[in-house]
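Chain by chain, the residues:
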Amino acid sequence: MKLSSTQWVGLCFFVASLMPAYLVADWQYEKKLTTINAALEREQSIHESTDKLVRNCEHLNQEIGTAYGPNYTICKQGRDIHDHTALAQDGLTAEKDHLKFSLWMTFLALMTGVNFMGYAVYKGAQYLNSDQT
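Residues numbered from 1 in each chain as written. Predicted model: local features only at pLDDT ≥ 70, side-chain atom pairs only at ≥ 80, totals over all residues. Heavy atoms only, no water.

**Structural notes on the overall build of the protein**
When its secondary structure is counted, the protein shows two helices and zero strands. For 133 residues, the compact-globule formula gives about 14 Å, and the C-alpha radius of gyration of the protein, at 28 Å, lies well above that figure. Reported as C-alpha extents along the three principal axes, the dimensions of the protein are approximately 95 × 30 × 20 Å. Taking all 133 residues of the protein together, the buried fraction comes to 20%. (Helix = DSSP H or I, 4+ residues; strand = E, 2+ residues; numbered from the N terminus. Rg over C-alpha atoms; globule rule 2.2 N^0.38 Å. Buried < 20%, exposed > 50% of the residue type's maximum accessible area, 1.4 Å probe, protein only.)

This is the structure:
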């Protein structure tokens, strides 16, 4: 199989567009992953703190024996925050799992965009050269 000079340039342009597209997509992936990991770590810290609060509240309620003691409001808020952080962690974990798919979609979009722009430049140059003749 022999390629014409135009096909050879097109193939080289396509191959050359792969690395920059991957690097930009990977950079965005790493940036988003760092943000998600920081948020996940923060939520984990809050979750562990509220977990201790909930355990202490359960222990105090067993000792006191009343369900609506003076610690009831604090304990209820602690349980609500504990549940909220668990949901936030689940959401962040799902977003983290979806990030790999997003990496490849970004890569494909960038590669397609760069190659389309290259094709448009080629066709524009071809059109301008045809007007001169």
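**Regarding the side chain of Gln89**
Mapped onto the fold, Gln89 is located in helix α2 (residues 72-132). Relative accessible area serves as the criterion here: at 11%, Gln89 is assigned to the buried category. The contact partners of Gln89, leaving out residues within four places of it in the chain, are Leu40, Glu43, Gln44 and His47. (Contact = heavy atoms within 4.5 Å.)

**Side note on the packing of aromatic side chains**
Enumeration over the complete set of coordinates arrives at three aromatic pairs. Pairing Tyr22 with Trp104 gives two aromatic rings, centres 6.1 Å apart and planes at 40 degrees, and the pair type is tilted. Taken as a pair, Tyr22 in helix α1 (residues 5-64) and Trp104 in helix α2 lie far apart in primary sequence, 82 residues in all. Note on Trp104: relative accessible area 43%, which makes it partly exposed. (Phe/Tyr/Trp six-rings, centres within 6.5 Å; stacked < 30°, edge-to-face > 60°.)

**Some remarks on the pattern of salt bridges**
Taken as a whole, this structure holds two salt bridges when the rule is applied. Of the charged contacts in the structure, one is a salt bridge between Arg55 and Asp51, with a shortest N-O distance of 3.5 Å. Linking Arg55 with Asp51, this pair stays in helix α1, spanning four residues, or about one helical turn. Residues Asp80 and Lys76 are paired through a salt bridge, measuring 3.4 Å at the closest nitrogen-oxygen approach. Of the two residues, Asp80 and Lys76 both sit in helix α2, four residues apart, roughly one turn of that helix. (Salt bridge = Lys/Arg side-chain N within 4 Å of Asp/Glu carboxyl O.)

**Some points on the state of the cysteines**
Tallied over the entire structure, the rule returns one disulfide. The partner cysteine of Cys57 in its disulfide is Cys75, sulfur to sulfur 2.0 Å. Every disulfide takes its handedness from the sign of the S-S torsion; for Cys57 and Cys75 that torsion is -90 degrees, giving left-handed. One end of the pair, Cys57, is in helix α1; the other, Cys75, is in helix α2, and 18 residues separate them in sequence. Here Cys57 falls in the buried class, since its relative accessible area comes to 4%. (Disulfide = S-S within 2.5 Å.)

**Here we look at the side chain of Ser17**
Checked against the element boundaries, Ser17 lands in helix α1. For Ser17, a relative accessible area of 4% gives the class buried. Within the structure, the side chain of Ser17 is placed 2.7 Å from the backbone oxygen of Phe14, a separation counted as a polar contact. Those residues in contact with Ser17, other than ones at most four positions away along the chain, are Met111, Val114 and Asn115. (Polar contact = N/O pair within 3.5 Å; in protein donor to acceptor, adjacent residues only side chain to side chain.)

Everything listed here is a matter of coordinates, which is why it stays silent on function.
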